[in-house]
Amino acid sequence: MTVDPEPPSRTEDDPPAPPAAAPPLSDEELLVVETEEIIDAEREGDRPFAPGTARAALSYSGFRRVYTGWLASNVGSWMQNVVLTQWAYYLTKSPTFVSIVIFAQLGPLLLFSLIGGSLADRFDRRVLMIGASLEQLAFALALAWIGTSPDPSRLGIIACVFAIGMGQALAGPTFSSVLPNLVERRDIPGAVSLTSANMNLSRVIGAAIGPFVFARLGVSWVFAINGLTYLFIVAGIWTVRVPRVVVDPNAPSGWRRVLQGFSVARHDLVVRRVLVTCTVFSFFCLIFIGQMPTLAVDNLGIGETSPTYGWLYATFGFGALLGALSIGTVFAGRELTRLVRVGLIGFSILLAVFALQRSASTAFPVIALLGFFYFLVITGLSTVLQQQVDDRTRGRVMALWIMAFGGTVPIGNLVFGPIVEATSITAVMLVGVVVAVGLVLYFRIDAADADAVEPAVA
């Protein structure tokens, strides 16, 4: 009796075997196949939602866990951010000290984001995220301990705030690099839209809770609560699997590696235009955000301590929340580069109208629409950038994005503050209008410029 030899193993290039030739599967094999199909469906977001939408991004269980943890952590961060400047002024009655605290908070985004991006492209991003979160937790609790003193150390406050800012500078590029690995490429627009919405939703919630806790329980409770919220992002990132970074053996080392994001921007027209647009937009057009108290008092007759001011800022944040969500909902499937230009046009018009407002009642709907177009632009730019960059250099390029978006606004306010005093906030805002119109002409990208740029549906 002869035994037929075992058939050779099939390869991916072989044509599929005829169904009749396929041997029947055992119960165990059927169970394995069904399990693999379930896992694939979970990984690929196999849900009845249109690709590129926010609902499609939320269909990934790993993304939902990280997103929820990050939202809780961001609420704590905004509680601290809002109360921190109040506390600094309460302790010293010195605007200079408040400015130093703000720089300690945001300055690391300019100083250390490049290093954070380089680390994100070289080491385990999951470990980096957890480490940076625990570092921020430790210094938030240290800040809470300092706050228990009747005469807290000013140097200790600045040191803790600076250390927390360093953690943000390291975590920011890493989180931006992890994001595309939690969803399929086709669903990146929805994920980026939700990420931007997260920032604004947490800003609204944190700004409402923080001052209440400060008034009722004391400043230490605000910082302690913020510290504990970092555990939510640690728990979220702990439960997901992030592909290990593939390090290019031919990649430069040392400072050449850290600065490689600039090389990518120099050679890639799309990356360059996104980063230049964001930098110029943040520096010239967003002065009114830092000068909101000046605008409220001088233009709208709203007192700095009036509850109306808080509602005005919350209305702006709510409009920005809707603008961020729009990329992954009502505008899903639209060409992103065109949306950015439309957003810049809408922003320039609304900024001019808001600059000329002299009534608080009419300012509310205007600032809501201004916030909408503001984050329509930011979310659109971020999505174009995420779709364009290669994963091997994503961390370093996203570090430049964080510098452009997060680090430029305080520098712009530092430069234009004396100009506002010498002229008016209205004049500075109208300069921003002109710059925004110029960016509409600058941000022109077509298919010939970048093959990798896609509409919201990949």
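Note that the structure is a prediction, hence the values are computed from the model and not measured.

## Some remarks on the overall build of the protein chain
The number of helices and strands found in the protein chain is 18 helices and zero strands. In the protein chain, buried positions account for 49% of the 458 residues. Taking contacts inside the protein chain between residues at least 6 apart in sequence as the whole, the part at least 24 apart equals 84%. Per element, the accessible surface of the protein chain, about 21700 Å² overall, is 65% carbon and sulfur.

## Regarding the nonpolar core
Core analysis: the biggest nonpolar cluster contains 96 residues, and F288, F347, Y374 and W401 have the highest contact counts within it. Here the element with the most residues in this core is helix α16 (residues 360-388); it accounts for 14 residues. If we ignore the near neighbours within four places in the chain, the residues touching F288 are L295, F316, F347, L351, F354, L370, I425 and M429.

## Points about the packing of aromatic side chains
Counted by the stated rule, this structure contains 14 aromatic pairs. Summarising the aromatic geometry, the rings of Y374 and F375 are spaced 4.9 Å apart at their centres and angled 85° between planes, so their arrangement reads as edge-to-face. Across the pair, exposure class does not vary: Y374 and F375 are buried alike. Centre to centre, the rings of F375 and F405 are 6.0 Å apart; their planes meet at 80°, and the pair counts as edge-to-face.

## Focus: the confidence of the model for the protein chain
Looking at the protein chain, pLDDT values average 78 and 78% of them are 70 or higher. Scored below 50 in pLDDT, residues 450-458 makes 28 contacts in the model with residues more than four places away or belonging to other chains.

## Things to note about the packing of α16 against helix α17 (residues 394-422)
Running from N to C, α16 and α17 point in directions that differ by 165°, and their axes come no closer than 11 Å. With respect to each other, α16 and α17 are oriented roughly antiparallel. Like other packed secondary-structure pairs, α16 and α17 cross with a definite hand, here right-handed. Taken together, the residues of α17 that come into contact with α16 (itself represented by Y374, F375, I378, L381, S382, L385 and Q386) are R394, V397, M398, W401 and F405.

## Details of helix α18 (residues 425-442)
Under the 1.5 Å per step criterion, the end-to-end length of α18 is 26 Å for 18 residues, consistent within 8% with the ideal 26 Å. The set of residues buried in α18 consists of I425, T426, V428, M429, G432, V433, V435, A436, L439 and V440.

## Quick notes on the pattern of salt bridges
Within this structure, the stated rule accounts for three salt bridges. The partner of R186 in a salt bridge is D187, and the shortest N-O contact between them spans 3.8 Å. Its salt-bridge partner being R338, residue E335 comes within 3.7 Å of it at the nearest N-O pair.

## Quick word on a nonpolar patch on the surface
Nonpolar side chains collect at one region of the surface, where L134, L228 and L231 lie side by side and expose about 270 Å² of accessible area between them. Relative to the helices and strands, L134 is located in helix α5 (residues 125-147).

## A closer look at the packing of helix α7 (residues 188-217) against α16
At their nearest, the axes of α7 and α16 sit 9 Å apart, and the two run at 140° to each other. The angle between α7 and α16 places the two elements in the oblique class. Viewed along their axes, α7 and α16 form a crossing whose handedness is right-handed. Mapping the contact onto sequence places I188, P189, V192, S193, S196, M199, N200 and R203 in α7 and F375, T379, S382, T383, Q386 and Q387 in α16.

## Section: the side chain of S77
Inspection of the secondary structure assignment puts S77 in helix α3 (residues 61-92). With a relative accessible area of 10%, S77 lands in the buried category. Setting aside chain neighbours within four positions, we find S77 in contact with N226 and Y230.

## Digging into the environment of I302
As for its position among the elements, I302 is in the loop between α13 (292-298) and α14 (307-327). Relative accessible area serves as the criterion here: at 5%, I302 is assigned to the buried category. Through-space distance from the C-alpha of I302 to that of S359 is 9.4 Å; in sequence the pair is 57 residues apart.

## Some details on the side chain of S133
With respect to the element layout, S133 can be found in helix α5. When its relative accessible area of 5% is taken as the criterion, S133 is described as buried. The contacts of S133, once residues within four sequence positions are left out, are Y230, I233 and V234.

## Focus: the environment of A57
Topologically, A57 is positioned in helix α2 (residues 54-58). For A57, a relative accessible area of 0% puts it in the buried group. A sequence separation of 126 residues divides A57 from V183, and the C-alpha atoms of the two residues are 6.5 Å apart. Those residues within four positions of A57 in sequence are excluded, and the remaining contacts are F63, V183, D187, G190, A191 and L194.

## A few points about the environment of V219
Within the element layout of this structure, V219 appears in helix α8 (residues 219-238). Residue V219 is classed as buried on the basis of its relative accessible area, which comes to 8%. With residues up to four places along the chain from it excluded, the contact list for V219 reads V83, W87, G147 and F214.

Rules of the game
- Residues numbered from 1 in each chain as written.
- Predicted model: local features only at pLDDT ≥ 70, side-chain atom pairs only at ≥ 80, totals over all residues.
- Heavy atoms only, no water.
- Helix = DSSP H or I, 4+ residues; strand = E, 2+ residues; numbered from the N terminus.
- Buried < 20%, exposed > 50% of the residue type's maximum accessible area, 1.4 Å probe, protein only.
- Contact = heavy atoms within 4.5 Å.
- Areas by Shrake-Rupley, 256 points an atom, 1.4 Å probe, with all protein chains shown as cover.
- Core = buried A, V, L, I, M, F, W, Y, C linked by side-chain atoms within 4.5 Å.
- Phe/Tyr/Trp six-rings, centres within 6.5 Å; stacked < 30°, edge-to-face > 60°.
- pLDDT = per-residue confidence, 0-100.
- Axes fitted to C-alpha atoms, helices over the stretch in contact; angles between N-to-C directions.
- Parallel < 35°, antiparallel > 145°, perpendicular 65-115°, else oblique.
- Left-handed = near helix turned anticlockwise from the far one by under 90°.
- Expected span 1.5 Å × (residues − 1).
- Salt bridge = Lys/Arg side-chain N within 4 Å of Asp/Glu carboxyl O.
- Patch = residues over 30% accessible without salt bridge, like charges linked within 9 Å, V, L, I, M, F, W, Y side chains within 5 Å.

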